[in-house]
Amino acid sequence: MGEGRGREAGGGAELEPELESEPAVAVEAVMSVQVVSAAAAAKVPEVELKDLSPSEAEPQLGLSTAAVSAMAPPAGGGDPEAPAPPAERPPAPGPGSGPAAALSPAAGKVPQASAMKRSDPHHQHQRHRDGGEALVSPDGTVTEAPRTVKKQIQFADQKQEFNKRPTKIGRRSLSRSISQSSTDSYSSAASYTDSSDDETSPRDKQQKNSKGSSDFCVKNIKQAEFGRREIEIAEQEMPALMALRKRAQGEKPLAGAKIVGCTHITAQTAVLMETLGALGAQCRWAACNIYSTLNEVAAALAESGFPVFAWKGESEDDFWWCIDRCVNVEGWQPNMILDDGGDLTHWIYKKYPNMFKKIKGIVEESVTGVHRLYQLSKAGKLCVPAMNVNDSVTKQKFDNLYCCRESILDGLKRTTDMMFGGKQVVVCGYGEVGKGCCAALKAMGSIVYVTEIDPICALQACMDGFRLVKLNEVIRQVDIVITCTGNKNVVTREHLDRMKNSCIVCNMGHSNTEIDVASLRTPELTWERVRSQVDHVIWPDGKRIVLLAEGRLLNLSCSTVPTFVLSITATTQALALIELYNAPEGRYKQDVYLLPKKMDEYVASLHLPTFDAHLTELTDEQAKYLGLNKNGPFKPNYYRY
Ligand code: NAD
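So, here's what we can say about the structure. (Residues numbered from 1 in each chain as written. Predicted model: local features only at pLDDT ≥ 70, side-chain atom pairs only at ≥ 80, totals over all residues. Heavy atoms only, no water.)

### A closer look at the sheet that holds strand β14 (residues 504–507)
In spatial order, the strands read β12-β11-β10-β13-β14-β17-β16-β15; together these eight strands make up an open sheet with mixed pairing. Strands at the two margins of the open sheet, each flanked by one partner only, are β12 (467–468) and β15 (526–531). (Pairing = 2+ DSSP bridges. Helix = DSSP H or I, 4+ residues; strand = E, 2+ residues; numbered from the N terminus.)

### Observations concerning helix α19 (residues 563–582)
End to end, α19 covers 28 Å across 20 residues, agreeing with the expected 28 Å (1.5 Å per residue, within 8%). By the criterion of burial, α19 is predominantly enclosed, with 20 of the 20 residues buried. (Expected span 1.5 Å × (residues − 1). Buried < 20%, exposed > 50% of the residue type's maximum accessible area, 1.4 Å probe, protein only.)

### So, the packing of aromatic side chains
All chains considered together, the criterion is met by eleven aromatic pairs. Taken together, a centroid distance of 4.8 Å and an interplanar angle of 75° make the contact between Tyr 588 and Tyr 593 edge-to-face. Like Tyr 593, Tyr 588 is buried. Three or more aromatic residues joined by ring pairs make a cluster, and in this case those are Phe 398, Tyr 402, Phe 564 and Phe 611. (Phe/Tyr/Trp six-rings, centres within 6.5 Å; stacked < 30°, edge-to-face > 60°.)

### Digging into the nonpolar core
Leu 254, Ile 259, Leu 276, Trp 285 and Val 308 are the most contacted members of the largest nonpolar core, which totals 68 residues. Top element by residues in this core is α19. It accounts for eleven residues. Sequence-distant contacts of Leu 276, defined by excluding residues within four places in its chain, comprise Leu 254, Ile 259, Ala 281, Cys 283, Trp 285, Ala 574 and Leu 577. (Core = buried A, V, L, I, M, F, W, Y, C linked by side-chain atoms within 4.5 Å. Contact = heavy atoms within 4.5 Å.)

### Topic: the pairing of strand β11 (residues 447–451)
The buried fraction of β11 amounts to four of the five residues, a majority that puts the element mostly inside the structure. Bridge analysis of strand β10 (residues 424–428) against β11 gives five bridges, and the strand direction is parallel. Its bridge partner being in β11, Gln 424 is matched across the sheet by Ile 447. Each parallel crossover has a hand, and for β10 linked through helix α14 (residues 432–443) to β11 it is right-handed. Across two bridges, the pairing between β11 and β12 is parallel. Paired with Val 450 across the strands is Leu 468, a residue of β12. (Right-handed = clockwise from strand over helix to strand, strands pointing away.)

### Concerning the packing of helix α13 (residues 393–416) against α14
It is at 7 Å that the axes of α13 and α14 come closest, and there the two elements cross at 40°. Judged by the angle between their axes, α13 and α14 are oblique. The chirality of how α13 crosses α14 is right-handed. In contact with Lys 397, Asn 400, Leu 401, Cys 404, Arg 405, Ile 408, Leu 409 and Leu 412 of α13, α14 contributes Glu 432, Val 433, Lys 435, Gly 436, Cys 437, Ala 439, Ala 440 and Leu 441. (Axes fitted to C-alpha atoms, helices over the stretch in contact; angles between N-to-C directions. Parallel < 35°, antiparallel > 145°, perpendicular 65-115°, else oblique. Left-handed = near helix turned anticlockwise from the far one by under 90°.)

### Quick look at helix α9 (residues 295–303)
A large share of α9 lies buried, amounting to eight of its nine residues. Residues of α9 that are buried include every one of Asn 295, Glu 296, Val 297, Ala 298, Ala 299, Ala 300, Leu 301 and Ala 302, and no others. Packed against the buried residues of α9 are α6 (224–236), α8 (267–278) and β6 (308–309). Once α9 ends, the next one or two residues include Gly 305, with phi positive near 100°.

And the structure:
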């Protein structure tokens, strides 16, 4: 339980001094990670993977919040230092060592990741985004305030469309195991340099970058310059990765890492990839979504030497071909996987199971992908350690509360040009997403009502100054209905029938289940598409309601994803890769782990300098009084932020 320094028993890593006043010290610590031998990959059992059907992979609805994140130590005993389930473990930092410790701001104790079993992964349907500026009060307390969104990203729809998409140029269409993947996390941008004239498939083009390499497949390498500008803009809002990169000049914690990645290919991903490169990794990358690739960014990456295989509007066959080109390479084998949705992992399991002998770990970002990993783990078929970055506290807060606080207004404004002041709004569900929506609308002068089923959240709504009502009580008078429950049929046809003319209906919660949109597809109602993502549904008497994004997630369909939110996720991914890659043999078993809380705290600390935020340090006396290590973790696992 010592503070400050420690050394990995197995000699795995240097531990750094106690936390200095700035995260920069911790960044240095990151660079002090020593790479342990590939023997850590340990034994790899025979892999036998049956396809996971979409229904298996997709979250179930209607499960309670409490069921979501039951945490348990790894099967078979697990790491004695890994945090136990919240209810059983008091706040106590374990003695630390190894790269994980080196990564943490304090570098005192090993923030071992906790193996986590969840009963309902669905419930936590997260996405990236938001940002909040920190305001520092005289006592040093840091609070959030809305901040300006700089980068605009348009999410290019949606899981259903994957299957609708026409297969191009007659190539054989492979059956896609799941992957709606990519809709678990974002995101995409409209590609302003796209040339719709150029119908030639990138697979049929011969392209080389300026250094003569043709180890990539993108829409048009000539767009690289535009992509570079996008990447430079994103860098401004990704301070933690830029900090890691600066510090990487001396030491390379990912030296020797061969990372194969499958994520959205956007400017933010490019910043992540280039950071991983700066940390010493070699990367090969494919897109996790057939629509979300920003072509010019893919071109910029290819131009700077990254083997990227992705373009906007891939066919299903292209999709798997691109993944295969990343994996099936002569003279190159991945030893780390960074996945978003589980398709890449699935492909390797299915086609190249022997590769897992060299793979040291999987980092997975999406709800769906994490769910698949838990399924594999449960079935005893997970043959390497995996990090679930989706459920990191920091990422969750930013995805759910802060991002929704910003994007609800953006989504409504873009689709309807409405004014918020004085409008009557009912928000269904006062969880994280609901709280974000309510706060934003209240700040804009809307009159906000809340519906809830949980008395605790209901009381919170009351304390925050919102009128708690039943939907029926206000449905005739409200101007906007927003669902944020994660539940189904919260807004029924009966509610829709009773809404007033021009009422706007939208969903910020679970994808297209919260509003009973299917009930509106009846002969007596007329649908008019008035804008992209905006439908007027017209009743026989002329009343019309304004349905946004056909009841799918409003912000993912119609608004932007702030780069700062993606920065949190990308930093978490980078740290998870470093941790898994450098972990001494035996630290992680063939199970799914959460990032240690200390590393979560570290992700947050890396973002604080952006705001010139000054973090207060515990005195020795205070630390003793609270029973904390001065350098964190500062909260028990069960703490709700
Ligand atoms: P949460 O569990 O914190 O909040 C949901 C709330 O809805 C709970 O308080 C619950 O009691 C309440 N609720 C359930 N059924 C209800 C009903 N019939 N009427 C009224 N209230 C009801 O969850 P959260 O983090 O706020 O997420 C909510 C949903 O939003 C989830 O489906 C999640 O996947 C999704 N989500 C969306 C985004 C986005 O960007 N739009 C981001 C994160 C999460």
